[in-house]
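# Structural overview
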Amino acid sequence: MSTTGHHATVDADELRRRVRELLDAHPPATTDRLDFLRARFDAGLAWVHYPAGLGGLDAPRSLQAVVDAELEAAGAPDNDPRRIGIGLGMAAPTILGFGTDEQRQRLLRPLWTGEEVWCQLFSEPGAGSDLAALATRAVRDGDDWVVDGQKVWTSSAHLARWAILIARTDPDQPKHRGISYFICDMTDPGVEVRPLRQITGEAEFNEVFLTGVRIPDSRRLGGIGEGWRVAQTTLMNERVAIGGGRIPREGGMIGLVAGVWRERPELRTHDLHQRLLRLWTESEAARLAGERLRRQLAVGQPGPEGSAMKLAFARLNQHISALEVELLGEEGLLYDDWTLRRPELVDFTGREAGYRYLRAKGNSIEGGTSEVLLNIIAERVLGLPPEPRTDKDVPWKDLPR
Amino acid sequence: MSTPDLLYSEAEDDLRAAVRSLLTDRCPPASVLSEAESGRAHDIALWRALGTEMGTAGLLVPDKLGGQGATAREAAVVMEELGRAVAPVPYLTSAVLAAGALLGCDTDQEAVARLLGALAEGRSVGALAVPLSTAAGAPGAPAATVRADGDGTLSGQVTGVAGAAGADVLLVPATGADGYGLYAVETAETSVTVEPLTSLDLTRPLAAVTLTGAPARRLAGPDRAAAAIGRALLTGAGLLASEQLGVAEWCLTETVRHTKERHQFGRPIGSFQALKHRMAALWLDLVSARATARYAADALATDSPDTPVAVAVAQAHCAEVAVRAAEECVQLHGGIGMTWEHPAHLYLKRAKADEIALGTPGRHRQALAGLVDLAAPAG
Ligand SMILES: Cc1cc2nc3c(=O)[nH]c(=O)nc-3n(C[C@H](O)[C@H](O)[C@H](O)COP(=O)(O)OP(=O)(O)OC[C@H]3O[C@@H](n4cnc5c(N)ncnc54)[C@H](O)[C@@H]3O)c2cc1C
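The numbers attached to residues start from 1 for each chain and follow its sequence in the written order. Chains and ligands are labelled by the order in which they are written, letters from A for the one and numbers from 1 for the other. Per-residue local features of the predicted model are confined to residues with pLDDT of at least 70, and side-chain atom pairs are confined, for both listing and counting, to 80 or more; whole-chain, interface and lining totals are unaffected and use all residues. Side-chain descriptors were evaluated using all non-hydrogen atoms of the structure, hydrogens and water having been removed beforehand.

## Let's talk about the overall build of chain A
We count a stretch as a helix when DSSP gives it H or I for four or more residues in a row; a strand needs E for two or more, and each element gets its number in order from the N terminus. If you tally the helices and strands in chain A, you get eleven helices and eight strands. By the compact-globule yardstick of 21 Å for 401 residues, chain A fits well, its C-alpha radius of gyration being 22 Å. Considering only C-alpha atoms, chain A reaches an extent of 70 × 55 × 45 Å along its principal axes. Relative accessibility under 20% of the residue-type maximum defines a buried residue, over 50% an exposed one, and the middle range a partly exposed one, all with a 1.4 Å probe and only protein chains included. Expressed as a percentage of its 401 residues, the buried residues of chain A come to 55%. Throughout, a residue-residue contact means that at least one pair of heavy atoms, one from each residue, lies within 4.5 Å. Look at the contacts in chain A between residues 6 or more apart in sequence, and 72% of them connect residues 24 or more apart. A total of about 17,200 Å² of accessible surface is found on chain A, and carbon and sulfur atoms cover 52% of it. For this count, His and the chain ends are skipped, Lys and Arg are scored as positive, and Asp and Glu as negative. Charge positions are represented by NZ for Lys, CZ for Arg, CG for Asp and CD for Glu. Both charge centroids of chain A, one from 51 positive and one from 59 negative side chains, sit 3 Å from each other. The reference for a compact globule is 2.2 Å times residues^0.38; the radius of gyration itself is calculated from the C-alpha atoms. Per-residue accessibility takes into account occlusion by the displayed protein chains alone, with areas from the Shrake-Rupley method and a 1.4 Å probe.

## Observations regarding the site of the ligand
Note on terminology: near, applied to a residue and a molecule or strand, indicates that one of the residue's heavy atoms is within 4 Å of it. The ligand sits among 27 residues. The nearest are Ser-129, Trp-153, Thr-369 and Glu-371 of chain A together with Gly-335 of chain B. The site occupied by the ligand is bordered by residues of chains A and B. One of the backbone N or O atoms of Gly-335 of chain B is found 2.7 Å from an oxygen atom in the ligand. For the ligand, whose unbound accessible area comes to 960 Å², protein coverage reaches 96%. Of all elements in the fold, only helix H11 (370-381) of chain A together with helix H9 (307-333) of chain B reach the threshold of two or more residues within the shell around the ligand. Looking at side-chain class alone, the shell around the ligand contains ten nonpolar, 13 polar and four charged residues. We define a polar contact as two N or O atoms separated by no more than 3.5 Å, with the added condition that, inside protein, one atom must be a possible hydrogen donor and the other a possible acceptor, whereas residues neighbouring each other in sequence contribute only through side-chain atom pairs. Three classes are used, and their members are as follows: Ala, Val, Leu, Ile, Met, Phe, Trp, Tyr, Cys and Pro are nonpolar, Asp, Glu, Lys and Arg are charged, and the others, Gly among them, are polar.

## Remarks on the interface of chain A and chain B
On the side of chain B, 46 residues touch chain A, which itself brings 43 residues to the contact. A 1.4 Å probe defines the accessible area here, and the buried area is the portion of it lost by two parts on being joined, summed over both. At the boundary of chain A with chain B, total buried surface from both sides reaches about 3,700 Å², with 61% on carbon and sulfur atoms. For the chain A face of the interface with chain B, the top three residues by lost area are Ile-199, Leu-333 and Trp-338 of chain A, together amounting to 19%. A carboxyl oxygen of Asp or Glu within 4 Å of a side-chain nitrogen of Lys or Arg is what we treat as a salt bridge. For the pair chain A and chain B, the number of links is five salt bridges. Between Glu-37 of chain B and Arg-197 of chain A there is a salt bridge, with its nearest N and O atoms 3.0 Å apart. The tally of links between chain A and chain B comes to 22 residue pairs in polar contact (both at pLDDT 80 or more). Elements that contribute at least two residues to the side of chain A that touches chain B include exactly helix H8 (270-296), helix H9 (306-328), helix H10 (353-360) and H11 of chain A. The leading source of residues in the side of chain A that touches chain B is H10 of chain A, at four residues. Residue classes in the side of chain A that touches chain B are distributed as 15 nonpolar, 13 polar and 15 charged.

## Some thoughts on helix H7 (residues 225-261) of chain B
Here a helix's expected span is defined as the number of its residues, less one, multiplied by 1.5 Å. The terminal C-alpha atoms of H7 of chain B lie 54 Å apart, and with 37 residues this matches the ideal 54 Å at 1.5 Å per residue to within 8%. Counting buried positions along H7 of chain B gives 28 out of 37 residues, so the element sits mostly inside the fold.

## Structural notes on the domain arrangement of chain A
All the domain ranges listed were derived from an automatic or database domain assignment. Here chain A is partitioned into domain 1 (1-78), domain 2 (81-225 + 389-401) and domain 3 (244-368). Each of domain 1 of chain A and domain 3 of chain A was reduced to a C-alpha centroid, and the two centroids are 30 Å apart.

## Let's talk about empty space enclosed by the protein
Residue and element names in this part refer to chain B. A cavity here means a set of 1 Å grid points, computed over protein atoms only, where a 1.4 Å probe fits but cannot escape. A pocket is an open set with protein on both sides within 12 Å along at least 5 of 7 lines, and lining residues have an atom within 4 Å of a point. Grid points are joined across faces, edges and corners, and a volume is the space filled by probe spheres set on the points. Under the definition given, this model contains five cavities of 30 Å³ or more. Approximately 110 Å³ is the volume attributed to the largest cavity. Together, Ala-41, His-42, Pro-88, Val-89, Pro-90, Thr-93, Gly-163, Ala-165, Gly-166, Thr-203, Arg-204 and Pro-205 line the largest cavity. Looking at side-chain class alone, the lining of the largest cavity contains six nonpolar, five polar and one charged residues. Summarising the domain contributions, the lining of the largest cavity has at least three residues from each of domain 1 (10-124) and domain 2 (128-222). The calculated volume of the second largest cavity comes to roughly 60 Å³. Considering the residues around the second largest cavity, the lining is formed by Thr-93, Leu-97, Ala-127, Leu-128, Val-130, Pro-131, Leu-132, Val-161 and Ala-162. Listing elements by their share of the lining of the second largest cavity, those giving two or more residues are helix H5 (91-103), strand E1 (126-128) and strand E3 (153-162). Of the residues belonging to the lining of the second largest cavity, the class tally is eight nonpolar, one polar and no charged.

## Digging into helix H4 (residues 72-84) of chain B
All names here are of chain B. The end-to-end C-alpha distance of H4 is 18 Å, a good match for the 18 Å that 13 residues give at a rise of 1.5 Å each. In terms of burial, H4 is largely enclosed, as twelve of its 13 residues are buried. Listing the buried residues of H4 in full gives Ala-72, Arg-73, Ala-75, Ala-76, Val-77, Val-78, Met-79, Glu-80, Glu-81, Leu-82, Gly-83 and Arg-84. Looking at the buried positions of H4, the neighbouring elements they touch are helix H1 (10-26), helix H3 (44-53), H5, H7, helix H8 (273-302) and helix H10 (344-356). The N-terminus of H4 is capped by Thr-71, whose side-chain oxygen sits 3.1 Å from the backbone nitrogen of Arg-73.

## Focus: the pairing of strand E5 (residues 179-186) of chain B
Residues and elements named next belong to chain B. Judged by how many residues are buried, E5 sits mostly within the fold: six of eight residues are covered. As paired strands, strand E4 (residues 169-176) and E5 are joined by eight bridges and run antiparallel to one another. The partner of Val-169 across the bridge, within E5, is Glu-186. Hairpin connection of E4 to E5: two residues between the antiparallel strands. Where E5 meets strand E8 (residues 217-220), three bridges bridge the pair, whose relative direction is antiparallel. Paired with Tyr-183 across the two strands is Arg-218, which belongs to E8. One requirement defines pairing of two strands: DSSP has to find at least two bridges between them.

## What about the domain arrangement of chain B?
All names here are of chain B. As far as domains go, chain B holds domain 1 (10-124), domain 2 (128-222) and domain 3 (226-371). On a C-alpha basis, the centres of domain 1 and domain 3 stand 21 Å from each other. Contacts between domain 1 and domain 3 engage 26 residues on the former and 26 residues on the latter. Both faces combined, the contact of domain 1 with domain 3 buries some 2,200 Å², and carbon together with sulfur accounts for 67% of it. On the domain 1 side of the interface with domain 3, the three residues burying the most area are Glu-80, Arg-84 and Val-86, jointly 27% of the side's total. For the interface between domain 1 and domain 3, the tally reads four salt bridges. The shortest N-O distance in the salt bridge between Glu-12 and Arg-294 comes to 3.0 Å. Put simply, the parts of the chain that give the side of domain 1 that touches domain 3 at least two residues each are helix H2 (29-37), H4 and H5. The greatest single-element share of the side of domain 1 that touches domain 3, amounting to nine residues, is contributed by H4. A breakdown of the residues in the side of domain 1 that touches domain 3 according to their chemical character gives 17 nonpolar, four polar and five charged.

Put into C-alpha cells, the structure is as follows:
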C-alpha cells in the first residue's frame, strides 16, 4: 500500500526546500491555478505520503502539514478539497491501494488537481447499511462489462467525470463474494443522473440509473469477486475523510457558535452557557483524539478505529448546530433560502445556523450510519460476538428480497 | 389543588376522531408540502373546514360571544392532532393566541366582542403581533416595539410574527401617552405591511409587521393589556405542549412503521435491539410528555393556581421530546429521511421551531427555578 519505507530520505527541511523550488519555478502570483496545481503534483508535494511519481515523495504523512503551511503562507492556490472530497478521501486511496500502474498514472493527477470530479456509486434503494446486498449487475461481454442497475444518494453525481462503482458480477456466490469494483465513466450514454432534493432545500445528492453502461475490464479495481474487500478500503477512508481532518482549536462547528457567544452577550443564558461549555470541552477532546489517531495512522490504511472519529464528528456537529439555532432564538426561526439549488461543493460549516442544523443530520447517515459504525466498533475493536446472521453464506440469488 | 384530570373524556375522544378524520382526508403530508411551497400563508380551504365548519376556531370562546364555550382541554386535543399532521392552519396564532388576548380584554366592550365573535366563527383570522420567540411566563409584558400616537395611529415594527401573513386583524402591543396598551389593526390598511420571512418551519411561516401611522383601535389599556397578553402567551405555551406531543407521536408511529417494513441484512431493521431500544425509549418520553401536556391543559381549563408551573414543566419537557422524536425519525429512516420528498423534515422543522416558540426549554426551566423555589447560585 502507500508505505514503502523510504521515509528516511525526506524530512521537513527537505520538503521546505522542495516547496521553495516549486514556488521559484512557478510563482503563484503569475502562474495559472491549474498549472500550479499540476506542477505541485509533479513535484511530489500534493500528498507527500504517496509514492514518488504519483504526487508524493514516500514521506511520512504527518509532514503534509509542513508543505500545506508553507504553500499557504506563500499565497499558493489549493485544490479546493470541499469540491472533490470523494475523489481525495475515497477514490484516491483505493486506486492507490488496488489500481494498476496504468490506472494510477491516468487517474490520480486530474483527481488531485480537481480537473476530474469523482462520485461514489455504492448505495442502492435496497442496499444501504447492508451494502453487500447490492443488486446492480455487471455482466461480462468480451473485454467489457455491461452494467445495469440503480444507485441512490449519490453526492456530486451531477458534477462527476468518474465514479467508483460496486456491482454484482456473480449472483451465485454469497453476497460478499460476488461483487467487483469498477471505475465508471459518468459520461457514458447509459448513465442517467436525476437530482434528489434534500431537507436543506438543495439537491446535493442524486439517483443514478445505469442502463447498459459499458466498462472496459481495464477499469476494474482489484480481482473479479474481490470488490467487497476493495470497498472496505474505500469505506474506512471515507470515515476518516468525514470528520477526520486536522483542525485547530475551535475549528469546525464549535468555533462558529463560540463566535456568536462572544459577539452577542444579549443572547446568553445560564442554561446555554453550561451546555456550550460542555460541547466546547467535547469538541476539544474529539480534536485531540483525532490528533492522536492521525499520529497512529501516519502509516498505512485506517482501520475500524477511524469510525470513532466520524461518530464523534456527527454527534458534535448535530448537538452544536442545534444549540446554535436555539441560542439565536428569533433569528434561529428563520432560514436563509429554500430555493432548489445544485451545490458545487459541500460545506458542513457553510451558510447559516438553520442550514448547518439540517445538513448535520446527514452526518450520522452518510458514509455508514452511526448505528452501523457502533456495530463495527463493538465487533471489530472490542471483539464482541456479532448478531446471528442468516444472510452471509447463502448464494445472493437465493436471498429473499 | 384539586385532583387534575389527566385522561381524555369521551367528548374529547370524539373531537379528536373528527379532527383526525378531516386531517387524514384533507391534509396528507404531500399536500402539506405543496401548501408550504405555494407561498400562501396557510391552507385557506382546510382552515374553513376545520375552524369554521367544525367550529374549532371558537373552542376557547364562550357561547355568548359566538364561540363553543369549551376549554383548553378540548383545544389541546385539536393541537395534538394539528401537530400530528403539521397542519398549516392558524389555530395556535388565531384561535389560541389572538382569541386568548381578546378574552383578557373587557369583553363587554363592543369592539372586543365583535372581534372575538369574528375569530370564533372563523370569519376573520387574527394574530397577536409579538415575535413567536417571546417567552411565556416571563415576568411583565413583552416590551412593545410599536408606538401609539395621539391621533389614534400606530407606528413601528414587530419581527418574527407567526400567522401575521394570513391574518385580517393584528393585535398589537404598543406604548403611547396613555401607557402600555393592546390595539387592533386591520391588515388591509395601506399603512400596514406584512412581509413574509423565509422561515425554518415551512408550515408556520413568520412575517415582519411594519406599521406607519396605521389606524388602530385600543382594546385594553395599562390596567389589563399586560395581563391579557401574558395570559394569552401562557395559554399558547401550555397548548403548544400538546402540539409537540402530536409531532412526537407522528414521528414515533412513522418510525415504528418504517422499521418494521424496511429490511436490511435479511431482516426488518426494527428487529435490531439497538433500534428497538431507541423507539422504546421514545415511547417512554411520550408517556411523560402526554402527562405533562394534559396537566397543563387541565390547569389552564380549571384556572388552577398551579398553571404557571404546569405550563413551564410541559414546555420544558415536551419541546425536547418533540425535537428528539423528530431527530430520531430522520436518523432511523436513513437516507430517505434526509429527502425533501419524505415528510420527516416537515416535522423536524416544526419541532425545532416549536422549541424556540414561546420560550425555549431553558427559559421555562429558568421560570421554574423561581416558581418552585430552586434559586440559581449567587454570583
Ligand atoms: C447526505 C448523504 C450523502 C450520501 N452520499 C452518498 C454517496 O455519495 N454515495 C453513496 O453510495 N451513498 C451515499 N449516501 C448513502 C448512505 O451511505 C446511506 O444512506 C447509508 O448507508 C444508510 O443506508 P440507508 O439510507 O439505506 O438506510 P438503512 O440502511 O435503511 O438504515 C435505516 C436505519 O436503520 C439502521 N440500521 C440498519 N442496519 C442496522 C443494524 N444492523 N443495527 C442497527 N441499526 C441498523 C441505520 O443505522 C438507520 O438508522 C449518502 C447519504 C446521505 C444522507
